[in-house]
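Structural overview
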Amino acid sequence: MIDWLAFITVAAVALLSSVIVVGFYALGLRLLGPGENTTTPARRTGAVACFAVCGLAVLYGIYLIVPALH
Amino acid sequence: MARAHPSIRWRIDPATGSFRPWATSPLDSTAVDIQLMVALVIALALFFDFTNGFHDTANAMATPIATGALKPRVAVAIAAVLNLVGAFLSTAVAQTISGGLIREGQDGVHVGPELIFAGLIGAIVWNMITWLFGLPSSSSHALFGGLIGAAIVGVGFNAIDPGVLMSKIVLPALLAPVIAGGVSFIITKLAYRLTPPGSRHGFKVGQIFTSSLVSLAHGTNDAQKTMGVITLTLIAAGFQEAGSGPEFWVIAICAVAIALGTYMGGWRIIRTIGTGITAVKPIQGFSAEVSTAASILASTHLGFALSTTQVSSGSVIGVGLGKDRHSVNWRTAGRIAMGWLITLPAAAIMAALAALVANIGLVGIIIDALVGVGVIVAIFVRSRRSKVSHESFSPPINVSSSSHEPLMGAVESVVLPKAARSLIKKNSKAAKTR
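We now examine the overall build of chain B. For chain B, the helix and strand inventory stands at 14 helices and 2 strands. Counting over 434 residues, chain B shows a buried share of 57%. For chain B, long-range pairs separated by at least 24 residues make up 86% of all intrachain contacts whose partners lie at least 6 apart in sequence.

What follows is the structure, encoded as structure tokens:
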């Protein structure tokens, strides 16, 4: 029995979570700009927020990996 | 001590309610000391765990090493620690090693220690051969293949559940690169679209976290298979209660074995994934690792287990395609795909041969062990020989020297994949003429 629904779910979840992590990380880098002095405080805050989203995603990954946490 | 499996034992078949004889292996009637067998199996299982370690370092660490996000020695040290930690975190998978592939346990066939022994020999030899050729083949497939081959010789074809073989091995092997490659293709395009060229060096920092996440996910999975093999053997030999989980000492030695193997690096496979498929840039390395981590975590938690090795290779192909389809070395990708296809049958055939020899009895077991050690030593000696010759092409991967500069130079050079290819061609030619 081939569980195609599970396959599609896995593909969709993997895609969605990857798009979130890579999207926010790339956005954060874009806001930071190429050098230290090319950014404004507002952009900097935005970048930190973007990286925070990625950090949370990695923490959620660790939460999923470690069974003792759930 | 009572013999764990006398030559014939009758039991009630739970499905039909009728009496049926245990399927016993031919060795049961000969006098091979069960303690010796168990010790041999544990030693072999640990060595398999060790090969599993260096075979799979590349899954997490090939891309950060290739982009220079992590220095080679640092990368393998992080991977080793996370594999060590990961092995202690979870033992859920260890309960059933083959995931129902071999009808083991109460309502199935009796897989004795000598069959597990033969299966491990097949798996180890295949892992060593694929390592020699730098092929990132799945260690789980090698293990399953080895156990299948041995079970077919010992018990017959009815030992294998073809439906499970299809749904748990063949189909995931075909779908893993599709999922991981598709995801990494899309996110690479997205990442290139979102970042101006000047901002892309920041992906290197991110790679440290994403590759570590892949490493930890790997650590919670792979050492468990060896724990499962050892626990199954202890149960089969009557040293441990049926249905119980792995003992702490088993968890500890398996964790150490896979961590040591991981620290060895498996540089040939790292080279194949990191520089052989495509010249990975940090933006691609980050995308590949995110795709690998997301695919593995989604698959293990949503019930469609995918092989880490196949996912990570698929991700790297995907990031190559996402940048430029001409940047993918399809010959290397094709060789990797071939490796995936033949891993299970190849390990099965070698394990079947080992099982046939083991059927002779104690002499057969000794022959198996000697031949196995001989093959491993021969492969190692051969690897030393070609190591000297490829050092001149790829000094950055030269781990024996004291300098561990990032691999940027190797990535940038077009010479390396060609050199690697000619090396492998030379190897296979030499192997044929032998």
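Turning to the overall build of chain A, a few remarks are in order. Helices and strands together make up the secondary structure of chain A, namely 2 helices and 0 strands. For 70 residues, the compact-globule estimate of 2.2 N^0.38 gives 11 Å, and the C-alpha radius of gyration of chain A, at 17 Å, exceeds that figure by more than 25%. Projecting the C-alpha coordinates of chain A onto the three principal axes gives extents of approximately 60 × 30 × 15 Å. Within chain A, the proportion of its 70 residues that are buried is 36%.

So, on to helix H1 (residues 34–67) of chain B. All names here are of chain B. End to end, H1 covers 50 Å across 34 residues, agreeing with the expected 50 Å (1.5 Å per residue, within 8%). Taking the largest bend as the criterion, H1 deviates by roughly 60 degrees, centred on methionine 61, and proline proline 64 comes between one and four positions later. Where burial is concerned, most of H1 is hidden: 30 out of the 34 residues are buried. Looking one or two places after H1, you find glycine 68, whose phi comes out positive at around 85 degrees.

Across the boundary between the two partners, chain A contributes 33 residues, which contact 39 residues of chain B. Those elements giving two or more residues to the side of chain A that touches chain B turn out to be helix H1 (4–32) and helix H2 (41–65) of chain A. Counting residues per element, the side of chain A that touches chain B draws most heavily on H1 of chain A, at 20 residues.

Each turn of an α-helix holds 3.6 residues, which means side chains three or four residues apart point in the same direction. Along its 29 residues, helix H11 (residues 330–358) of chain B runs 41 Å from first to last C-alpha, staying within 8% of the 42 Å computed at 1.5 Å per residue. Where H11 of chain B bends most, the angle comes to about 45 degrees, and this point is isoleucine 342 of chain B, followed within four residues by the proline proline 345 of chain B.

Moving on, we come to the packing of helix H9 (residues 282–301) of chain B against helix H10 (residues 308–323) of chain B. Residue and element names in this part refer to chain B. Axis separation between H9 and H10 bottoms out at 9 Å; the angle between their running directions is 140 degrees. In terms of axis orientation, H9 runs oblique to H10. Regarding H9 and H10, the two cross each other, and that crossing is right-handed. Counting all contacts with H9, which are made through Gln284, Ser287, Ala288, Ser291, Thr292, Ser295 and Ile296, the residues of H10 involved are Thr308, Val311, Ser312, Ser315, Val316, Gly318, Val319 and Lys323. Taken together, the residues that form the contact of H9 with H10 break down as 5 nonpolar, 9 polar and 1 charged.

For the rest of this paragraph, the subject is the packing of H1 of chain B against H9 of chain B. When two helices pack together, their arrangement is given by the angle between the helix axes and by the axis-to-axis distance. Residue and element names in this part refer to chain B. Relative orientation of the contacting elements H1 and H9 amounts to 170 degrees, with a least axis distance of 9 Å. Regarding the angle of H1 to H9, the classification is roughly antiparallel. From H1, Thr63, Pro64, Ala66 and Thr67 reach across to H9, where they touch Pro282, Gly285, Ala288 and Glu289. For the contact of H1 with H9, a count of residues per class yields 4 nonpolar, 3 polar and 1 charged.

This part covers the environment of leucine 56 of chain A. On the secondary structure map, leucine 56 of chain A appears in helix H2. Remark: the alpha-carbon pair of leucine 56 of chain A and valine 21 of chain A, spanning 35 residues in sequence, is separated by 9.4 Å.

With that settled, the discussion passes to the nonpolar core. Residue and element names in this part refer to chain B. Formed by 142 residues in total, the largest nonpolar core has its most connected members in Phe117 and Ala351. The element that contributes the greatest number of residues to this core is H1, accounting for 19 residues. With near-sequence residues (within four places) excluded, alanine 351 lies in contact with Ala118, Gly119, Ile121, Gly122, Ala123, Gly146, Gly149 and Ala150.

Residue and element names in this part refer to chain B. Tracing the chain through its elements places alanine 62 in helix H1. Using a count of 32 C-beta atoms within 10 Å as the deciding quantity, one classes alanine 62 as buried. Measuring from C-alpha to C-alpha, the distance between alanine 62 and alanine 298 comes to 22 Å, with 236 residues separating the pair along the chain. Setting aside its immediate chain neighbours within four residues, alanine 62 contacts Ile270, Ile273 and Gly274.

Residue and element names in this part refer to chain B. Overall, the predicted model of chain B reaches an average pLDDT of 79, with 76% of residues at or above 70. Every residue in residues 1–31 is under pLDDT 50, and counting partners more than four places away or in other chains gives 47 contacts. Low pLDDT (under 50) marks residues 388–421, which in the prediction has 47 contacts with non-local residues, meaning those over four places away or in another chain. Both scores are given for the predicted complex: the pTM is 0.81, the ipTM 0.93.

What counts, and at which threshold
- Along each chain, numbering runs from 1 in the same order as the chain's sequence is written.
- Naming scheme: in the order in which they are written, chains are lettered from A and ligands are numbered from 1.
- In view of the model being predicted, local features appear only for residues whose pLDDT reaches at least 70, and side-chain atom pairs are presented and counted only at 80 or more, with totals across whole chains, interfaces and linings using the full set of residues.
- Helix and strand assignments follow DSSP, with helices taken as H or I runs no shorter than four residues and strands as E runs no shorter than two, numbered in order from the N terminus.
- Any residue whose C-beta has 12 or fewer other C-beta atoms within 10 Å is treated as exposed, any with 20 or more as buried, and any in between as partly exposed, C-beta atoms being built from the backbone.
- Working definition of a contact: two residues with C-beta atoms, positioned from the backbone, lying within 7 Å.
- The globule rule is 2.2 Å times the number of residues to the power 0.38, and the radius of gyration it is compared with is taken over C-alpha atoms.
- Working rule for helices: expected span equals 1.5 Å times residues minus one.
- Two axes define the bend at a residue: one fitted to the seven residues ending there, one fitted to the seven starting there, and the bend is the angle between them.
- Only the stretch in contact is used when fitting a helix axis, every axis being a line fitted to C-alpha atoms; angles between N-to-C directions are given from 0 to 180 degrees.
- In these notes the angle categories are as follows: under 35 degrees is roughly parallel, over 145 is roughly antiparallel, 65 to 115 is roughly perpendicular, and the rest is oblique.
- Helix crossings get a hand from a simple test, with the near helix turned counterclockwise from the far one by less than a right angle marking a left-handed crossing and a clockwise turn marking a right-handed one.
- Note that Gly is not counted as nonpolar here; it falls among the polar residues with everything else outside the nonpolar set of Ala, Val, Leu, Ile, Met, Phe, Trp, Tyr, Cys and Pro and the charged set of Asp, Glu, Lys and Arg.
- By convention the nonpolar core is taken to be a set of buried residues drawn from Ala, Val, Leu, Ile, Met, Phe, Trp, Tyr and Cys and joined through C-beta atoms within 7 Å.
- Every residue gets a pLDDT, meaning the predictor's confidence in that residue, from 0 to 100.

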